[in-house]
Structures are given as C-alpha cells and as structure tokens.
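Results of the structural survey
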Amino acid sequence: MVLEVKKPRPMWEILFSTHHTDVGLLYVYLSLTAFIIGGALAIAIRTELFLPGDAINIIPDSNTFHRIFTVHGTNMLFLWLIPFASGIGNYLIPIMVRYKDMAWPKLNAVAFWMIPVGMALIWLGFADTTWNAYPPYSIIRAPGPAAEMWIFGLKILGISSILGAINFIVTILRMKHPDLPLMKTSLFVWSTLVTSLMIIVAIPTFAAALIMLYTDRLGVSGFFNPAMGGDPIAYQHLFWFTFHPEVYIFLIPAVGMMYELIPKFSRKPIFSYQSGVAAFVLLAIVGFASWAHHMYATGMSFTEKTVFMVGTLAAVPASAMHVFNWIATMWGGRIKFAAPMSFAVGGLVLFFYAGAGGIVNTAMPLDFLTHDSYWVVGHFHLFVMGLVTFAFIGFIYYMFPFITGRMYSERAAMVQFWLMFVGVSMIFLTQHVLGLYGQPRRVFDYVPVQPLIIMNQISTVGAWITAAGAAIFVWNLIKSTVSGKPAKMDDPFAIGEQYYDYTRREPHH
Amino acid sequence: MGHATIEWVYVGVVIAILVYVGADAWNIERLLEHAPEDAETIKVTGAQWVWTFEYEDGTREIGKLHLVKGQPYRFEITSVDVIHSFNIPDFAIMMDAVPGRINTIWLVPDQSGEYLIQCREYCGLSHYQMRGTLIVEEPSGEEGEANITSAAVEAPSKGATAVAS
Ligand code: HEM
Ligand SMILES: [Cu+2]
Ligand SMILES: [Cu+2]
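Predicted model, so just to flag it, every value in this text is computed and none were measured. (Residues numbered from 1 in each chain as written. Chains lettered and ligands numbered in written order. Predicted model: local features only at pLDDT ≥ 70, side-chain atom pairs only at ≥ 80, totals over all residues. Heavy atoms only, no water.)

Structural notes on the coordination of the copper ion (ligand 3)
When a metal carries six donors in an octahedron, the ideal angles between them are 90 or 180 degrees, while four donors in a tetrahedron ideally lie at 109.5 degrees. Residues and elements named next belong to chain B. Binding of the copper ion (ligand 3) to the protein goes through Cys119 (SG), Glu121 (O), Cys123 (SG) and His127 (ND1), at separations of 2.1 to 2.4 Å. With four donor atoms in place around the copper ion (ligand 3) and angles of 89 to 125° between them, the coordination shape is tetrahedral. Expressed as a motif, the donor residue spacing for the copper ion (ligand 3) is C-x1-E-x1-C-x3-H. Note on accessibility: Cys119 and Glu121 belong to one class, buried. (Donors = N, O, S within 2.8 Å, 3.2 Å for Na, K, Ca; no water. Tetrahedral: all angles 85-135°; square planar, octahedral: opposite > 155°, others 65-115°. Buried < 20%, exposed > 50% of the residue type's maximum accessible area, 1.4 Å probe, protein only.)

Focus on helix H3 (residues 62-96) of chain A
Residues and elements named next belong to chain A. For H3, built from 35 residues, the straight-helix expectation of 51 Å at 1.5 Å per residue is met to within 8% by its first-to-last C-alpha distance of 49 Å. Along H3, the largest kink reaches about 35° and is centred on Asn75. The N-cap residue of H3 is Asp61: its side-chain oxygen and the backbone nitrogen of Asn63 are 3.2 Å apart. Positive backbone phi, at 55°, marks Arg98, one or two positions downstream of H3. (Helix = DSSP H or I, 4+ residues; strand = E, 2+ residues; numbered from the N terminus. Expected span 1.5 Å × (residues − 1). Bend = angle between axes of the 7 residues up to and from the residue. Polar contact = N/O pair within 3.5 Å; in protein donor to acceptor, adjacent residues only side chain to side chain.)

Regarding the coordination of the copper ion (ligand 2)
Residues and elements named next belong to chain A. Those protein atoms acting as donors to the copper ion (ligand 2) are His244 (ND1), His293 (NE2) and His294 (NE2), and they sit at 1.8 to 2.0 Å. Every donor residue of the copper ion (ligand 2) comes from the same chain, spaced as H-x48-H-H. Distance-wise, the iron atom of ligand 1 is placed 4.5 Å from the copper ion (ligand 2). Overall, the relative accessible area of 21% leaves His294 in the partly exposed class.

Considerations on the domain arrangement of chain B
For chain B, the domain assignment lists domain 1 (1-34) and domain 2 (40-152). Centre-to-centre, using C-alpha coordinates, domain 1 of chain B lies 36 Å away from domain 2 of chain B. (Domains from an automatic or database assignment.)

Considerations on the side chain of Glu29 of chain B
On the secondary structure map, Glu29 of chain B appears in helix H1 (residues 3-32). Its relative accessible area of 4% is what places Glu29 of chain B among the buried residues. Discounting residues that sit within four places of it in the chain, Glu29 of chain B has contacts with Phe302, Lys305, Met364, Pro365 and Phe368 of chain A. (Contact = heavy atoms within 4.5 Å.)

A short note on unusual backbone geometry
All names here are of chain A. For the bond running from Pro135 to Pro136, omega is 0°, close enough to zero to count as cis. The omega torsion of the bond from Gly144 to Pro145 falls at 0°, within 30 degrees of zero and hence cis. Looking at the element boundaries, Pro145 is found in the loop between helix H5 (137-141) and helix H6 (146-174). One non-glycine residue with positive phi stands out, namely Thr130, at about 70°. For Thr130, the position within the fold is in the loop between helix H4 (105-125) and H5. For Thr130, a relative accessible area of 3% gives the class buried. A positive phi angle, near 50°, is found at Arg267, a position not held by glycine.

Here's what the structure looks like:
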C-alpha cells in the first residue's frame, strides 16, 4: 500500500471534478450537512412536544409545525440517506471492482449536482404536505408554491437517483476487472448493485405519480381528485409501490457497510458470503410484493390485506439472515470495539427491535392499533436512525483515516456512541408505547394526561441526548481533520487486517 | 461445513414464527370482517376538522357520538374534503375516511363511559384538534346523562380516558 502525502487541493478543483473520489466526497459532505440541519428540525419538533398545550412555544403554530416535520422527513430520506449511500458507493465501487473511475464520470457529476438543486427547492419551499403528500390534501389544500417546489424537488432527486443507479450498474457489471468474478466482489458491491436495480424498477412509478399530482394541482387533470372523478387511493398505491421498495433502498447500502465492518473488526471472515448475496437478492425481489401493507386502513378487502400481509412476511427472512450472518461472524471472533464496530453492533441491536416491531405492523388486526400512530414513527426510525444512520456513522469513522490521513478521537467517538445509543433507544422505543396509548402521529399537541406527558418527555430527553452525541460527532470530524494524530495508513485500527486500497487515486483518462 | 445446517435451522425457526403470526392474524381478521346482521348503521363523515354522525333515524350530531352498551353498530365512514382517519383508540377502531369512498367498520361497545374520538390521518391545520367524544350509555330504559357518572369521575377533559384503560 503506497502512502500518498496529502496536499490540500484548491476547493474549485474538487467542486468541478468528475473523479469518483471527489464526487463521492461531495455527496458525503452534502448529506452530512443535510443530516445536521434536518436533525435540528427534529429537535425543534421534540422540544415542542415536551409539554402539551402552550407551555412550550418554540414552534409558533401548527402550520409551521407541519412544515417542519414535512421538510425533516423529506430531507432525512432523500438528502441524508440516499446521497450518503451514493457518496460511499462512488468512492468505493470503482476501487472494489478495480476500475479507474465510474463508467460515466461526467454523468456522475451531473447526478450529484442535481441534488443541491432539489435540496434548495425542498428547503426554500418548506411544504406542509408530509413526506407522503397524500391527495386530496396535497392537491386541493396544500399551499403553493411550497407544494409545487416539493414536487419538483423530489422529481429532480428521483432523476438524480436513477442516473446514479445506472452508472453503478454499468460500472459494476461492465467495468469490473475481468479477473474479478462477481461472486468474489465485496458484499458492499452487491448491496450497491441490488439497490441500484431496485431504484430503476421502483422510482419511475412515483415519478409518474408526481407529474399527475402536479397536473392535478394545476386543475387540468383529476387523477387523484374525487371532485373530478379521480381516486386518491390510486396515488397511495403508486406512492407505496415506489416507497416500500425504497425503504429497502435506504436499508441495503447500510447492510453492505455492516458487511465491511463486522468481519474486519471481528478479525474473522464473513460467516457466509453466499447467504449475504442470497439475502440481498431475495429482499430485492420480495420487497416489491408488500407495498400495500401501508394501506390496510384505506378500506382494502380482506383478500387484498391477506395478500399484502403474506408478501410482507415473506420479506422478513432475508433481513433475519443478515442479522444471523453478522452474529455468526462475530461469534468467537477477537472483536475490537473501535468506533466503527461499536456503531455497527449498536445498529444491529436497533435493527432487531425494528424488525420485531415491523412484524407487529404486518399482522392485519394489530396494524389497526399501530397505523398512523406514534408506533409507526418509532418503528421506522429504529431503522433509519437506528440501523442505517448507525452504520453510516460507523462507516464514516472507518473511512476517516483513509480520507484525511488522520485519526479521529476514539474517546470522543465512544462518548458519542453511548449518547446516541441511549438517546435513540429512549426516543423511539417510548414512541411505540405512545402509539399504543393512541397518540396519533403528526400532531402539534396531545391530550394532557399523565401517561402521554411522561412518555413524550422521555422521548424528548432522548432527542436532546442524541443531539449532544451529534454535536460531539461534528466536533470530532472537524477537529480531527484539522489536527488529528496522523493515522498509520497500512492499518489505522491496529487490527491486523487487509484493507482495500482506499487511498488509491487513479489518474483520469 | 456445519455452517449451512445451523443457518437453515435458524431460517426454519424464523419462518415458523412468521407462519404462526400470519395464520393467527388471518384468523382474527377474518372474524372482524363482517358486522353483525342486526347492527345499526351510523354514517360518519369527516370534514376539516370535525366529525359528524348520522344515526339510522336521521338525527345528526356533531363531535359527539352516543351509543348503547352491548348494541352492535356499523359505521359507514367517508369524508367531504381530504382524507381523515376515524379512530377510537380505546376500542381499537380505526378506519380511513376517504372522499368518494365509503369504508365500513363495526363495534359492539362493551363498556359504558366517555371515550376519545380522534383523527389519525394528517388533514391540515387543525388535524391535532380534530377530536370528538364517544358516549356509551347503559342499555337500561332511562337514557342520557344519568348513566355516565362512573366515567365522568375521572374524566375532567374529553380526552382523559384515552389512555386510562
Ligand atoms: C422486518 C422488516 C420490516 C417490516 C415487516 C416492516 C413493516 C412495516 C409495516 C407493516 C408498516 C406500515 C405501518 C403502518 O403505517 O401501519 C411499516 C411502515 C414503515 N416502515 Fe417498515 N417494515 C420493515 C422494515 C423497514 C425498513 C428496513 C425500513 C427503512 C429503512 C422501514 C421503514 C418504514 C417506514 C418509513 C414506514 C412508515 C411510512 C410512513 O407511513 O410514513 N421499514 N413497516
Ligand atoms: Cu413498507
Ligand atoms: Cu386529521
């Protein structure tokens, strides 16, 4: 492994670069920014709910509150989870498949630069439609131009994802080094391949729905507007046909990262590579058979509900196989709990809770208790904030020395880990209880009774603790980039493992 | 390798649990599908941001729903503007109110008292305040206020019983 002396490069050179490592880093910086500012919105929401009534007034009115949770959700899913995964993919895939760059570097840069545009539309518009934008609300009541800006913002982000996905698929399948069979590539490569294929199948449906939503808003069509003979439930089918698979699109790259971290820090090979591949492929296929489990309460027939329940349950073994694979890999390993591994294991624990809760949602009669209550908020946050964000943070620490040439502060990272693990558990496990008590989601206020107040307060304190962890995270990244100890580049974590040539930078053409 | 065997056993156990959950859910949901024959039909209409109830005899109430303990009811739920969701948490009643559609759900209230009715689907400005009260009365001849004393004791606000049970 050749040690390259890091010279700071001028900013414009990185900004206008089409090199995969630069574009990858741009993705990472942008998504980390989104994570922090989107997180600030979440803290505002939780703080407002610390007490019922007017006792706390950091969010002045319900409309502002609705706008805040809409932008929070949209931002976290489409500007944190998706771009971060693309960023790491950009950085690593060419290295892992041994090609000099992505297949189409310019297209790659274009896909990236669409994201700030979408981001600006979403943040400047500040819509109040919720991230689901269900009609008829989103067509007959939601104020413009915010709703239009949301629609165009998502449209642009969707196209960006599709372009990025095409690039990944071609890079992996066509540009892969001829000596490297697909079944010898890293599981992270598989995760990116599978995610990209899912994006291409899933997203066009929602892209079409967005156009219909827009023309409905203009009043020239009435696809989803009952006043014009349309059907709002049709939108929900189109929406969830994209977004149930999309939840796996959020999940799978994080799973791929866990497959990089867990064997390394357990100093053992993966328990079963084949099982990992099989679980990815299985999830990608079966994940398309369950979308309407979000719609049990829209008035579906018993048969429809049954079909989608079976489809949802059928996707569970794949996730369970990943968990098994990780635990079996750690079993009997000499585990080193450096920050990347701690976040991976913490994510694994939260993943388990989340999956168990998901099975409860799936059982038809129980879903009528959990649906649209705080339970659902707890459920999916255990995935997106628990497993996925934990895996991402672990991976940031893992890549940190290779990207900056310096070491982050392990002490600060471990303090951050414990704050976040405790905080996230407090926020989202209690939200399950809130849901069972009957607190609806997306409410600016709740009934002032003792059990609700207590649970909301635990949840809010958890949010503050998590925020403290996030502050340490940002501080650690900035401080260590500037003045961290130089990393031992051949084995920064002192685990005696082989690494990919992460510092490689092939000249362009 | 003994590798694969352990994993197959594990996957088998997971599938067995899922089959059990699925079969049980199917069985229960099947029983919940059809309202009893003699149920009284009540039309429930959601509008930003109130619930309106129309009884079989044509009388209407806004924000209040009076039922009799032990009687079966069938709700026909719809909306006049955006999607709402008709929810009585204490009786696990929950069904979307969708404009242009009529969804049905049924209930036999088995306890008298006052209970919270709320909207569970985001519907705009006052979604969080789209609440109502379900009043379940004892079936005996005398009607009205006299029968709800037991619940009123610990129900100072209309939502107070939401989490009490
Ligand atoms: C074991 C696997 C899973 C099962 C069985 C499952 C099941 C469900 C079900 C049935 C719902 C509908 C709940 C309701 O609204 O009534 C739901 C909601 C949701 N799930 Fe999952 N899920 C699983 C994994 C995931 C993953 C991996 C993610 C994301 C990374 C995720 C994200 C979400 C989101 C975002 C929602 C709520 C969407 C909304 O209404 O805003 N789920 N899940
Ligand atoms: Cu889903
Ligand atoms: Cu509502």
